[in-house]
Amino acid sequence: MNIRNIAAMTGILLGGAAAASQAESLSGSQGAETTTINIAGQSVPVLKGGLYDRYRSNPPLSVIATESPTTDLSWFKELKKEKVDIGFESYSPNFYYKNSSVTAVFTADIDRLRELIPAEVRTKVQPLQVWPGRGLVALTAYAYQYCDNDSYNEVSLSVITNKPGGTNLGPVTMIGQTMSKEFWGYVLKLPVNTELARVRGVVGYNLPKWLTDIRFRESEKTVTYEIIDAETGKPDVTLESAKLDDLSTKPSLVTNSFTNVDHQGHLTYGYAVTRKLSHGSSTSTDSVNLKLGDGSLSTYIKSLKLGKMIRYEYVPEFQSALYAPKQLTSLLGEK
């Protein structure tokens, strides 16, 4: 089966110290007034008077409706938040009300992908081999413009895997995930540009986040994310992609799940349900321009031996609900 055809069915895929100051990275604007709160014993600067400062991940939807009257909240009204302990008190799911993203899917060296997934995780999941010696990775850049955690930018690099406990038949499994709109992966890298997002992600969701500057800009025809190397303060990875035409505006729900290891060494899984409100895709390599520099993230990406970009997805408007992680045994029915 042609790998381009496989990729065309995938939909949205699993999408330290910082050189820039934490205060400047908050909510993507310099000079924002901040206050310091305690999360899991760590002092974290947050936007003063922002959603997180006021409501700690549990703002009333009436507040969101007042502050963002053009935002459609109908989907969130169907969801129920629950208080959870994820290393600190929070609420699940975490709501993302107004966001955009771009995703580029590449083939990569299957042996390298297997090597990067921890041995204990590999007992439950493996990269999908869609072509001899080749797996898939998804590079997704997010601009969370308005969410329970205020606003921030994030870039995810993930390996596409089978579902824990499920079969791994390569392209057949990929097609099955596409039909069900339930994708699985292992997150390799996840830089963010606010300390609030970093601490919550590392402590609460067991994710490989670090703090650095992520610059987002757009023109009439393109969207660009520039990741700054946290050690040198210089641009390292630049993802420039096209604004596509002929977008679908029919709401579509997709679930992206990930497997990883918590701080006690237990296998866990987490997931986010995404409601795509405006989206389009392309298999043209002209849609994406990935520029790699000499920093640590670029060096890491180069080690994956990326092949040609085989799918691009442009999602200028989506909403999401991120659920707290759970023990993987609960999913597998194990004790």
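Let me sum up the structure you'll find in this document. Position numbers for residues start from 1 in each chain and track the written sequence from start to end. The model is predicted, so local features are restricted to residues of pLDDT at least 70 and side-chain atom pairs to those at 80 or more, both for listing and for counting; the totals for chains, interfaces and linings are taken over all residues. Side-chain calculation: all heavy atoms of the structure are included, whereas hydrogens and water are not.

Observations regarding the overall build of the protein
So, point 1. When its secondary structure is counted, the protein shows ten helices and 16 strands.
So, point 2. The globule rule used for comparison is 2.2 Å times the number of residues to the exponent 0.38, while the radius of gyration itself is calculated over C-alpha atoms. For 335 residues, the compact-globule estimate of 2.2 N^0.38 gives 20 Å, and the protein sits close to it at 19 Å.
So, point 3. Taken along its principal axes, the extent of the C-alpha atoms in the protein is 55 × 50 × 40 Å.
So, point 4. Within the protein, buried positions represent 56% of all 335 residues.
So, point 5. The protein chains shown are the only cover counted for residues, whose accessible areas, like all others here, come from Shrake-Rupley with a 1.4 Å probe. Total accessible area on the protein stands at roughly 14400 Å², and carbon and sulfur atoms take up 48% of it.
So, point 6. We score Asp and Glu as negative and Lys and Arg as positive, and we do not count His or the chain ends. The atoms used to mark charge sites are NZ of Lys, CZ of Arg, CG of Asp and CD of Glu. If you average the places of the 35 positive and of the 34 negative side-chain charges in the protein, the two averages end up 4 Å apart. Counting from the N terminus, the helices are DSSP H or I runs at least four residues long and the strands are E runs at least two residues long. Each residue's exposure class comes from its accessible area (1.4 Å probe, protein chains only) as a fraction of the maximum for that residue type: buried when under 20%, exposed when over 50%, partly exposed otherwise.

Some points on the nonpolar core
So, point 1. By nonpolar core is meant a set of buried Ala, Val, Leu, Ile, Met, Phe, Trp, Tyr and Cys residues that side-chain atoms within 4.5 Å join together. Of all hydrophobic cores here, the largest spans 40 residues; its most connected members are V102, V137, L157, L188, Y225, L304 and Y312.
So, point 2. Working rule for contacts: check all heavy atoms of both residues, and any pair within 4.5 Å makes them a contact. If near-sequence neighbours (up to four positions away) are discounted, L304 is found in contact with A108, D109, R112, L113, L116, V137 and L157.
So, point 3. The next biggest cluster of nonpolar side chains, apart from the first, holds 27 residues, and it includes Y96, Y142, F258 and V315.

Observations concerning the side chain of S241
So, point 1. Locating S241 in the fold gives a position in strand β12 (residues 235-242).
So, point 2. Here a polar contact means two N or O atoms within 3.5 Å. Within protein one must be a hydrogen donor candidate and the other an acceptor candidate, and residues neighboring in sequence count only if both atoms are side-chain atoms. A polar contact is formed between the side chain of S241 and the side chain of Y312, at a distance of 3.1 Å.
So, point 3. Beyond its immediate chain neighbours, meaning those up to four positions away, S241 contacts V102, K221, T222, V223, S287, V288 and Y312.

What about the environment of D294?
So, point 1. Among the structural elements, D294 can be located in the loop between β15 (288-292) and α9 (296-302).
So, point 2. Given the relative accessible area of 76%, D294 is considered exposed.
So, point 3. When the C-alpha atoms of D294 and E182 are compared, they prove to be 35 Å apart, with 112 residues separating the residues in sequence.
So, point 4. Beyond its immediate sequence surroundings of up to four residues, D294 is in contact with D236, T299 and K302.

Examining the packing of aromatic side chains
So, point 1. Note on aromatic contacts: the rings of Phe and Tyr and the six-membered ring of Trp form a pair at centre separations within 6.5 Å, being stacked when their planes are under 30 degrees apart, edge-to-face when over 60 apart, and tilted otherwise. Taken as a whole and assessed by the stated rule, the structure comprises 13 aromatic pairs.
So, point 2. Each ring, one from F216 and one from Y225, has its centre 5.0 Å from the other, and the planes form 55°; the classification is tilted.
So, point 3. Relative accessible area serves as the criterion here: at 31%, F216 is assigned to the partly exposed category.
So, point 4. The class of Y225 is buried, set by a relative accessible area of 2%.

Points about the pattern of salt bridges
So, point 1. Salt bridges are counted wherever a side-chain nitrogen of Lys or Arg sits within 4 Å of a carboxyl oxygen of Asp or Glu. Scanning the entire structure with this criterion turns up 16 salt bridges.
So, point 2. Ionic pairing is found between R198 and E195, a salt bridge with its closest N-O pair at 2.8 Å. One end of the pair is R198 and the other is E195, both in helix α8 (residues 195-205) and three residues apart, which spans about a single turn.
So, point 3. For R198, a relative accessible area of 15% puts it in the buried group.
So, point 4. Put simply, K276 and E313 hold a salt bridge, and the shortest N to O gap is 3.2 Å. Taken as a pair, K276 in strand β14 (residues 267-282) and E313 in strand β16 (residues 309-327) lie far apart in primary sequence, 37 residues in all. Here K276 matches E313 in class, with each residue buried.
So, point 5. A cluster of three or more residues bridged by salt bridges with shared partners is formed by D213, R215 and E226.

Some details on the pairing of strand β11 (residues 222-228)
So, point 1. The element β11 is extensively covered by neighbouring structure, given that six of its seven residues are classed as buried.
So, point 2. Relative to β11, strand β10 (residues 214-218) runs antiparallel, the two sharing five bridges. The residue of β11 that forms the bridge with F216 is Y225.
So, point 3. Between the end of β10 and the start of β11, which pair antiparallel, lie three residues.
So, point 4. Hairpin connection between β11 and β12: a loop of six residues separates the two successive antiparallel strands, and G233 in this loop has a positive phi of roughly 75°. Strand pairing is assigned whenever DSSP detects at least two bridges linking the two strands.

Looking at the sheet that holds β10
So, point 1. Strand order in this open sheet of four strands is β10-β11-β12-β15, and the pairing throughout is antiparallel. Across the chains shown, the open sheet's two edge strands, defined by having one partner strand only, are β10 and β15. Looking at each pair of strands side by side, their axes are set apart by 10° on average, direction ignored.
So, point 2. Across five bridges, the pairing between β12 and β15 is antiparallel. If you follow L239 over to β15, its bridge partner there is L290. Lines fitted to C-alpha atoms define the axes here, with helix axes fitted over just the stretch in contact, and angles between the N-to-C directions of these axes take values from 0 to 180 degrees.

Section: the environment of Y97
So, point 1. For Y97, the location among the structural elements is in strand β5 (residues 94-109).
So, point 2. Using a relative accessible area of 2% as the deciding quantity, one classes Y97 as buried.
So, point 3. It is 7.8 Å that separates the C-alpha atoms of Y97 and F318, two residues lying 221 residues apart in sequence.
So, point 4. Leaving out residues up to four positions away in the same chain, Y97 has contacts with L51, P59, L61, I64, T71, L73, F76, Y146, C147, D148, F318 and Q319.
So, point 5. Polar contacts involving the side chain of Y97 include one to the side chain of D148, which spans 2.6 Å.

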